[in-house]
Amino acid sequence: MLSVLSGLGLGLSLIIAIGAQNVFVLRQGIRGEHVVAVVVICALSDALLIAAGVAGLGFLISSAPWLVVAARWAGALFLLAYGLLAARRAWRGGGQLRVDTVEGGARPRTADAGTGGRTGLASVVLTVLALTWLNPHVYLDTVLMLGSIAATHGEQRWLFAAGAIAASVLWFTALGFGARYLGRWLRTERSWRVLDALIAVVMIALAISLVLPVIAA
């Protein structure tokens, strides 16, 4: 039980931070678009990465640092592109939140000028996969760090992994489905432009932070 709680605590401490993946999950939750798919992909990806770390993939990453460098550049390019798109939305505007009354309560929807309404499922899936698997921090934290700490639990390491996986499931579920309660503050075009501006700043800052260690080395 102690190993499970240790994994749960460490998992939450690593995942609850302002990052590209969390920002995207939050935005999709607020928009009410493909939330189940986003939450499932994020939680399942974390589960696979945690299991890989506990199984020993972390040792491979530590012995081949060029893999992390390559992931840094790929992730930085993707984050920069996504940040620039968010900045474009913030500059041009045209987004707002509509609340449609349906049986059982209110359901938030968004309308974006120039996008034709809701974002397609394929586009959302590809984006969340890229934000998850092109992020080098996920390999350093989820695979290498969690895998190394799990190894200290000996035969209980898979219980530690179960706790870390539970933390991921709980966090993404709460973030994705809890975000809709922010909808009341995001019913105007101005509020969406502010949100997209913040997303752009976070994404571009993360892109820069990814390559700074490589450039400074």
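Calculation notes
Residues numbered from 1 in each chain as written. Predicted model: local features only at pLDDT ≥ 70, side-chain atom pairs only at ≥ 80, totals over all residues. Heavy atoms only, no water. Helix = DSSP H or I, 4+ residues; strand = E, 2+ residues; numbered from the N terminus. Buried < 20%, exposed > 50% of the residue type's maximum accessible area, 1.4 Å probe, protein only. Contact = heavy atoms within 4.5 Å. pLDDT = per-residue confidence, 0-100. Core = buried A, V, L, I, M, F, W, Y, C linked by side-chain atoms within 4.5 Å. Expected span 1.5 Å × (residues − 1). Polar contact = N/O pair within 3.5 Å; in protein donor to acceptor, adjacent residues only side chain to side chain. Salt bridge = Lys/Arg side-chain N within 4 Å of Asp/Glu carboxyl O.

A. Representation of the overall build of the protein. Summing up its helical and strand segments, the protein has nine helices and two strands in all. When the elements of the protein are put in sequence order from the N terminus, they spell out α-α-α-α-α-β-β-α-α-α-α. Looking at the protein as a whole, 40% of its 217 residues qualify as buried. Considering only contacts within the protein whose residues lie at least 6 apart along the sequence, 83% involve residues at least 24 apart.

B. Looking closely at the confidence of the model for the protein. In the predicted model, the protein carries a mean pLDDT of 77, and the fraction of residues at 70 or more is 78%. Within the protein, helix H3 (residues 35-55) carries the highest mean pLDDT (92), whereas strand E1 (residues 95-102) carries the lowest (43). With pLDDT under 50 throughout, residues 97-108 is counted as low confidence; its partners more than four residues away or in other chains account for 25 contacts.

C. Expanded view of the nonpolar core. Residues Phe24, Val38, Leu79, Ile199 and Met203 are the most contacted members of the largest nonpolar core, which totals 29 residues. Going through the elements one at a time, helix H2 (20-31), H3, helix H5 (65-92), helix H6 (121-133), helix H8 (157-178) and helix H9 (189-216) are the ones with two or more residues in this core. Ranked by the residues each element gives to this core, the list is headed by H9, at eight residues. Discounting residues that sit within four places of it in the chain, Met203 has contacts with Ala20, Val23, Leu79, Tyr82 and Gly83. In terms of nonpolar packing, the next biggest core, distinct from the first, is built from eight residues, Leu10, Ile50, Ala150 and Ala164 among them.

D. Fine view of H2. Here H2 spans 17 Å end to end across 12 residues, near enough to the 16 Å set by a 1.5 Å rise per residue. With respect to burial, H2 is a largely interior element, 11 of its 12 residues being buried. Where H2 is concerned, the buried positions are Ala20, Gln21, Asn22, Val23, Phe24, Val25, Arg27, Gln28, Gly29, Ile30 and Arg31. A positive phi of about 70° marks Gly32, the residue just after H2.

E. The arrangement of the side chain of Ser168 in detail. Topologically, Ser168 is positioned in helix H8. A distance of 2.9 Å separates polar atoms of two side chains, one belonging to Ser168 and the other to Asp46. Apart from residues no more than four positions distant in its own chain, Ser168 is found in contact with Ile15, Cys42, Ala43 and Asp46.

F. How the structure looks around the pattern of salt bridges. Here the structure, examined in full by the defined rule, presents three salt bridges. Between Asp196 and Arg27 there is a salt bridge; the shortest N-O distance is 3.2 Å. Taken as a pair, Asp196 in helix H9 and Arg27 in helix H2 lie far apart in primary sequence, 169 residues in all. On the basis of relative accessibility, which here comes to 6%, the residue Arg27 falls in the buried class. Glu33 is paired through a salt bridge with Arg31; the nearest N and O atoms lie 2.9 Å apart.

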